[in-house]
Amino acid sequence: MKKTMQLILLMMLVTAGLTAIFEGAEQALLLVVMTGFTGQGYQIMCAAHDHPEEDEIRSRKLKAVEIFTAVCGFISFYWLNSVGLNAGIGLCLIFYCVGMKYMKEGTAAA
C-alpha cells in the first residue's frame with residue numbers, strides 16, 4: 001500500500017503540472033500545496049502504521065492535515081470547470097482512503 005500512496009502522490013504532482021500548462025497557475029499552485037500537505041499526511045500515516053503506540057499525537061497532526069485539505073477542496077468550488085483541479089482533489093480523496101486503510105492495518109497488527 002505504501003507504493004500505491006507514493007504513486008498517487010506522483011500522480012498529484014503530474015496533475016499539478018498539467019493543470020499549470022492547460023488551466024492556470026492558481027489552480028496548479030493550489031494542487032501543489034495540497035500535494036505537500038498530502039505528503040505530510042503520508043509521513044504521518046506511515047509512522048502510525050509502523051509505530052501505533054504514539055497514536056494521539058499523530059491523530060491531531062493528521063486532523064490538521066485533513067482540515068487543510070478540506071479547505072482546499074472548498075476553495076476549488078471557485079473553479080468548478082477546472083478538470084485538472086477536480087482530478088487532483090479526486091486523487092487526494094483516493095489517497096486518504098488508501099492511507100486510512102493502511103493505518104488501520106498497522107494498528108490491527110499491533
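Note that this is a predicted model, so its numbers are computed, not measured. (Residues numbered from 1 in each chain as written. Predicted model: local features only at pLDDT ≥ 70, side-chain atom pairs only at ≥ 80, totals over all residues. Heavy atoms only, no water.)

Draft legend 1. Main features of the confidence of the model for the chain. Looking at the chain, the pLDDT average stands at 84 and 95% of residues meet or exceed 70. Per-element averaging of pLDDT across the chain places helix 3 (residues 55-75) at the bottom with 81 and helix 1 (residues 2-22) at the top with 91. (pLDDT = per-residue confidence, 0-100. Helix = DSSP H or I, 4+ residues; strand = E, 2+ residues; numbered from the N terminus.)

Draft legend 2. Representation of the pattern of salt bridges within the structure. Using the criterion set out here, one finds one salt bridge in the structure. Residue K63 is joined to E66 by a salt bridge in which the shortest nitrogen-to-oxygen separation is 3.8 Å. One end of the pair, K63, and the other, E66, are both in helix 3, three residues apart, so they sit about a helical turn from each other. With a relative accessible area of 48%, K63 lands in the partly exposed category. Its relative accessible area of 24% is what places E66 among the partly exposed residues. (Salt bridge = Lys/Arg side-chain N within 4 Å of Asp/Glu carboxyl O. Buried < 20%, exposed > 50% of the residue type's maximum accessible area, 1.4 Å probe, protein only.)

Draft legend 3. Region of interest: the packing of helix 2 (residues 25-50) against helix 3. Contact pair helix 2 / helix 3: the axes reach a minimum separation of 10 Å and the direction vectors enclose 155°. When the axes of helix 2 and helix 3 are compared, the pair comes out roughly antiparallel. Relative to helix 3, the crossing made by helix 2 is left-handed. When helix 2 is examined against helix 3, the residues L30, V33, M34, F37, Q40, G41, I44, M45, A47 and A48 are found in contact with a partner set consisting of R58, K61, L62, V65, F68, T69, C72 and I75. Among the residues forming the contact of helix 2 with helix 3, the class breakdown is 13 nonpolar, three polar and two charged. (Axes fitted to C-alpha atoms, helices over the stretch in contact; angles between N-to-C directions. Parallel < 35°, antiparallel > 145°, perpendicular 65-115°, else oblique. Left-handed = near helix turned anticlockwise from the far one by under 90°. Contact = heavy atoms within 4.5 Å. Nonpolar A, V, L, I, M, F, W, Y, C, P; charged D, E, K, R; others polar.)

Draft legend 4. A look at a nonpolar patch on the surface. On the surface, a nonpolar cluster with roughly 730 Å² of combined accessible area is contributed by L7, L10, M11, V14, L18, I21 and F22. Looking at the element boundaries, I21 is found in helix 1. Residue class for I21 comes out exposed when judged on its relative accessible area of 63%. (Patch = residues over 30% accessible without salt bridge, like charges linked within 9 Å, V, L, I, M, F, W, Y side chains within 5 Å. Areas by Shrake-Rupley, 256 points an atom, 1.4 Å probe, with all protein chains shown as cover.)

Draft legend 5. Highlighting the environment of D50. Its location among the elements puts D50 in helix 2. Residue D50 is classed as partly exposed on the basis of its relative accessible area, which comes to 43%. Taking C-alpha positions, D50 is 8.6 Å from M103, a pair spaced 53 residues apart along the chain.

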